[in-house]
Amino acid sequence: MSFFDSEIVQEEAKQLFGDYQSLIQLGSGYGKFDREGKKIFIDQMESMMERYRIFMKRFELSDDFMAQMTVEQLNTQLGQFGITPQQMFDQMHSTLERMKSELEKQT
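These figures come from a predicted structure and were not determined experimentally. (Residues numbered from 1 in each chain as written. Predicted model: local features only at pLDDT ≥ 70, side-chain atom pairs only at ≥ 80, totals over all residues. Heavy atoms only, no water.)

Draft legend 1. Expanded view of the environment of Phe65. Following the sequence through the fold, Phe65 ends up in helix α3 (residues 65-79). Among the residues examined, Phe65 registers a relative accessible area of 60% and is labelled exposed. Expressed as a C-alpha distance, the spacing of Phe65 and Ser2, which sit 63 residues apart in the sequence, is 8.2 Å. (Helix = DSSP H or I, 4+ residues; strand = E, 2+ residues; numbered from the N terminus. Buried < 20%, exposed > 50% of the residue type's maximum accessible area, 1.4 Å probe, protein only.)

Next up, the structure:
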């Protein structure tokens, strides 16, 4: 069975990307959130990034041809911006840490 034929993989991908889209839409109003709303948003983004990291690790560890092609495509796309997947995750983490820091200064 192909990596992408797995119902578990399909369901997780659907849930992950749906949740991501919802968070991005919600985040467009981040500046209007109160302090608690900002904390919740940051926590949800951290959770999303961890879920995404795990999902991508599954691709990397799979010996399925299509999963490996997906990893290569991601590497190529990010490479066009001069970054690796790890750097992408690091930058996302850094952004969330900066958001937390700014939130703590508001106390």
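Draft legend 2. Local environment of the packing of helix α1 (residues 7-27) against helix α2 (residues 35-61). Across the interface, α1 lies against α2 with an axial gap of 11 Å and an inter-helix angle of 150°. As far as their axial angle goes, α2 and α1 are roughly antiparallel. Here α1 and α2 pass one another in a crossing that is left-handed. Here α1 contributes Val9, Glu12, Ala13, Gln15, Leu16, Phe17, Asp19, Tyr20, Leu23, Leu26 and Gly27 to the contact with α2, which in turn contributes Phe41, Gln44, Met45, Met48, Met49, Arg51, Tyr52, Phe55 and Arg58. Looking at the contact of α1 with α2 residue by residue, the classes come out as 13 nonpolar, three polar and four charged. (Axes fitted to C-alpha atoms, helices over the stretch in contact; angles between N-to-C directions. Parallel < 35°, antiparallel > 145°, perpendicular 65-115°, else oblique. Left-handed = near helix turned anticlockwise from the far one by under 90°. Contact = heavy atoms within 4.5 Å. Nonpolar A, V, L, I, M, F, W, Y, C, P; charged D, E, K, R; others polar.)

Draft legend 3. Seen up close, the pattern of salt bridges. Under the defined criterion, the tally for this structure stands at seven salt bridges. A salt bridge links Lys39 to Glu36, with the shortest nitrogen-to-oxygen separation between them at 3.5 Å. With a gap of three residues between them, Lys39 and Glu36 both fall in helix α2, about one helical turn apart. Residue Lys39 is classed as partly exposed on the basis of its relative accessible area of 33%. (Salt bridge = Lys/Arg side-chain N within 4 Å of Asp/Glu carboxyl O.)

Draft legend 4. Region of the structure containing the packing of aromatic side chains. Summed over the entire model, instances satisfying the criterion amount to ten aromatic pairs. Between Phe33 and Phe41, the aromatic rings sit 6.0 Å apart at their centres with planes inclined by 65°, giving edge-to-face as the arrangement. A residue is classified by how much of its surface remains accessible, and Phe41, at 8% relative accessible area, is buried. Look at Phe55 and Phe59: their rings are 5.1 Å apart centre to centre, the planes differ by 70°, and that puts the pair in the edge-to-face class. Of this pair, Phe55 and Phe59 both sit in helix α2, separated by four residues, roughly a single helical turn. Pair check on accessibility: Phe55 and Phe59 agree, each one buried. One residue, Arg53, lies across the ring of Phe89, its end atom 4.5 Å from the ring centre. (Phe/Tyr/Trp six-rings, centres within 6.5 Å; stacked < 30°, edge-to-face > 60°. Lys NZ or Arg CZ within 6 Å of the ring centre and 35° of its normal.)

Draft legend 5. Structural view of the side chain of Lys38. As for its placement among the helices and strands, Lys38 is situated in helix α2. Buried Lys38, no salt bridge; nearest opposite-charge side chain is Glu102, N-O distance 7.6 Å. (Lys, Arg positive; Asp, Glu negative; His and termini not counted.)

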